[in-house]
Amino acid sequence: MERLPGFRDFYPEPLPHTDVWSADARQYIFEQWRTVAKRYGFREYDGPPLEPLELFTTKSGEEIVGQMFNFVDKGDRHIALRPEMTPTLARMVAAHERQYKKPIKWYAIPQLFRYERPGKGRLREHFQLNADLIGETDPAADAELIALLIDTLRVFGLTAADFVIRLSSRNAWQDFFQQGGGDPKNEYEFFQIIDKLERNSPEETEKKLAAMGFSFAKVNEFIEAGKPSPELESILQNLAARGLAEFVKVDYRVIRGLAYYTGVVFEAFDRKGEFRAIAGGGRYNNLVKLISGGKVDLAALGFGMGDVVLLELLKARGLLPKFDAPMNVFVLIEDEKLRGISLKLVQSLRSVGFAVEYPLTPAKADKQFKRAQDLKVLHTVRAESDAYVRIRNLKTREEIVAGFGDVANHLG
Ligand code: HAM
C-alpha cells in the first residue's frame, strides 16, 4: 500500500530513505515556533480539522476553494478539511471575544490540507504556524507581528542574508485602482492579476489589464517607484527602531491571493529567490464581521508560515541540528536473578527525570553493552546485589559502586 500523493510519512532519525520526512526535525521546528510566539505574548489555540465547507467558501477566494478536500458526511453536511486556519480563528474569536482583553494575540500550529499539484515546496498537507493579532487597527500592531515573523525565522539561525519580508499594501493598490478609474466591482479581479504578475507572461498580463482600462506600463511604474504609503512608512520606522530594518523592503508585486485581506500584506522569501514563499499574511479587518454575520466587528491581522519551505531552506543552509535520541542511562541486566531489582531501579531513575533503557528480555552482556553504546548514553548502571549498583561513565570509563538510593546523585 502506498501513501497518497502529496502526503508525508514522518520517521524518527536516522531516516531510512530520502523519500521520508524527519519527525525530529518537525518537532524541532514546532518547539522553536512555540518559544518565539510565547516571547511575544501569544497564547496557543486550536480548532477542528474538519469544518463546514461554507466557512471557507465565504471569503477565502476561488483559488483555495478550488483546492479543497471536501465531502458530504453521513448526516448530509458539506464538510471540508481545513485548507487554512484564519476562518476558524475568526469564528472562534467572534464566539467568545468578550472574555478576552484586546488585543488578542493567539497562535496555532494546525495541519492544513490543499488539493494542489505536489511539487517543490508544495504538498497536499502541511503544518503552518499561524500568529494573529485581533482588535487593533494601528500599524504598530502590523509592525509587532512582522517583528514576530522575523524572529521566528532568526531563531533557526537564518539572517538578513537568507531571507527578506516583502511588504505591500492593498490600500495602496486600491488607491491606484480608484485613481485609474477602475470599476469597484472589478477590484478583486485586478488584485488577482497583480498577484499573478510573476507567474504569468507579460503579454497575458498586458491583455488582462487593458481589458480593465489599465496600462501595464503604469502598473510597472507604480511597482518600480515602490513609494511607501503612510501606513507602510510607519511600520518601517517601527521596525527600524527595533534594529530590524534590514529584514524588510517595500515590494508592491506582493498583493496576496486570499480574498479577505484589506490593508497591509506581506510575504517572506529567501533572498536568492530559489524557494516559494516561506510565509505570508496581512490585515483582514472585515473577516470577523463577515463570519459572525455582522455580530462582532474586530480588526485583525496575521501570518501563516509553512513547515515545508522552511525545512527545505534550513536544509539548504545547513542549519538543522543533529538529532540523537537523548537517552541518559542504560541499566544492564546480566544476572536474571536481579531483574526484579533492576526494574525497580529503571523506574526510580525515570521517575526523577532520566531517560532510561534496559534489555526487555535476557540478552548477552556484550550485546547489552553494544546497545548502550549505540544509544550514546553517558552511564551504564548494573545492580550488583539488592543493595549496591555499579555505575560506569562511558566517556571517562570511571566506575564506582553506590548504594541503591544514591544512584541518581552520581549520574548528573
Ligand atoms: P498562505 O499564503 O496560503 O496564507 O499560506 C502561508 C504559507 O503556508 C505559505 O507561504 C507556504 O509556506 C505555506 N503553504 C501554503 N500552502 C502550502 C502547500 N500546499 N504546501 C506546503 N506549504 C504550503 C494563509 O494560509 C493565510 N491563512 C495566512 C494568514 C494567517 N493570514 C492571516 N493570518
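Above this text is the structure in question.
This part takes up unusual backbone geometry. Across the junction of E13 and P14, the peptide omega takes the value 0°, indicating a cis bond. Looking at the element boundaries, P14 is found in the loop between β1 (10–11) and β2 (21–22). With an omega dihedral of -5°, the bond running from K102 to P103 counts as a cis peptide bond. Within the element layout of this structure, P103 appears in the loop between α4 (86–96) and β7 (104–108). A positive phi angle, close to 75°, is found at R256, a residue other than glycine. Position of R256 among the secondary structure elements: in the loop between β11 (248–250) and β12 (264–270). Here R256 falls in the buried class, since its relative accessible area comes to 11%. A positive phi angle is found at K376, which is not glycine, with a value near 55°. Within the secondary structure, K376 sits in the loop between α14 (365–374) and β17 (379–383).

On to the site of the ligand. In the neighbourhood of the ligand, 26 residues make up the surrounding shell, with E84, T86, E116, D132 and Y261 lying closest. Between a nitrogen atom of the ligand and a side-chain N or O atom of Y261, the distance comes to 2.7 Å. Contact distances for the ligand include 3.0 Å between an oxygen atom and a backbone N or O atom of I278. For the ligand, the cavity whose grid points lie within 2 Å of the majority of its atoms is the largest pocket. Of the residues that constitute the shell around the ligand, the class distribution is 10 nonpolar, 10 polar and 6 charged.

A few words on empty space enclosed by the protein. A full pass over the atoms with the stated rule returns 1 cavity of 30 Å³ or more. Volume-wise, the largest cavity comes out at about 30 Å³. As for the largest cavity, its lining consists of R8, F10, W21, S22, A25, R26, I29, D307 and L311. Contributions of two or more residues to the lining of the largest cavity are made by β2, α1 (23–39) and α12 (307–316). Along the lines of polarity and charge, the residues of the lining of the largest cavity split into 5 nonpolar, 1 polar and 3 charged.

Let's shift gears to the pattern of salt bridges. Counted according to the given criterion, the structure contains 33 salt bridges. A salt bridge links E198 to R166, with the nearest nitrogen and oxygen atoms 3.2 Å apart. One end of the pair, E198, is in the loop between α7 (187–195) and α8 (202–211); the other, R166, is in strand β10 (residues 163–169), with 32 residues separating them in the sequence. Among the residues examined, R166 registers a relative accessible area of 8% and is labelled buried. Among the ionic pairs, D251 bridges to R166, the shortest N-O distance being 2.8 Å.

A word on the layout of surface pockets. When its volume is computed, the largest pocket comes out at roughly 1100 Å³. If you go around the largest pocket, you meet 50 residues; those closest to its centre are R122, R256, E267, R276 and A277. Among the elements of the structure, α3 (62–66), β9 (125–134), β10, α7, β12, β13 (279–283), β14 (300–306) and α12 are those that each provide at least two residues to the lining of the largest pocket. When its residues are assigned to classes, the lining of the largest pocket shows 18 nonpolar, 14 polar and 18 charged.

The 3 strands lie next to each other as β4-β6-β5, forming an open sheet whose pairing is antiparallel. With partners counted over all chains shown, the strands left at the sheet margins are β4 (50–52) and β5 (70–72), one partner each. When the angles between neighbouring strand axes are averaged without regard to direction, this sheet yields 35°. Two elements, β4 and strand β6 (residues 78–81), share 3 bridges in a ladder whose sense is antiparallel. Residue E51 lies in a different strand from β6, and its bridge partner there is A80.

How each quantity is defined
- By convention here, each chain's residues receive numbers from 1 onward along its written sequence.
- With the structure being a predicted model, the display of local features is reserved for residues of pLDDT at least 70 and the display and counting of side-chain atom pairs for 80 or more, all residues being used for whole-chain, interface and lining totals.
- Side-chain measures here rest on the full set of heavy atoms in the structure, leaving out hydrogens and waters.
- Per the convention used, a helix needs a DSSP run of H or I reaching at least four residues, while a strand needs a run of E reaching at least two, with both numbered from the N terminus.
- Any residue under 20% of the maximum accessible area for its type is buried, any over 50% is exposed, and the rest in between are partly exposed; the area is computed with a 1.4 Å probe on protein chains only.
- Here a residue is considered near a molecule or strand provided that any single heavy atom belonging to it is located within 4 Å of it.
- Under this definition, polar contacts are N or O atom pairs within 3.5 Å; protein pairs additionally need one hydrogen-donor-capable and one acceptor-capable atom, and for neighbouring residues in sequence, both atoms have to be side-chain atoms.
- A pocket, in this scheme, is an open set of points on a 1 Å grid over the protein atoms alone with protein on both sides within 12 Å along at least 5 of 7 lines, while a cavity is a set where a 1.4 Å probe fits but cannot get out; residues line either one if an atom lies within 4 Å of a point.
- In this scheme, a molecule is assigned to a cavity or pocket if more than half of its atoms are within 2 Å of the grid points.
- Residues are grouped as follows: Ala, Val, Leu, Ile, Met, Phe, Trp, Tyr, Cys and Pro are nonpolar; Asp, Glu, Lys and Arg are charged; all remaining types, including Gly, are polar.
- Grid points are joined across faces, edges and corners, and a volume is the space filled by probe spheres set on the points.
- Here, a salt bridge means any side-chain nitrogen of Lys or Arg that lies within 4 Å of a carboxyl oxygen of Asp or Glu.
- Here, any two strands with at least 2 DSSP bridges between them count as paired.
- Only the stretch in contact is used when a helix axis is fitted, and all axes are lines through C-alpha atoms; the angle between N-to-C directions ranges over 0 to 180 degrees.

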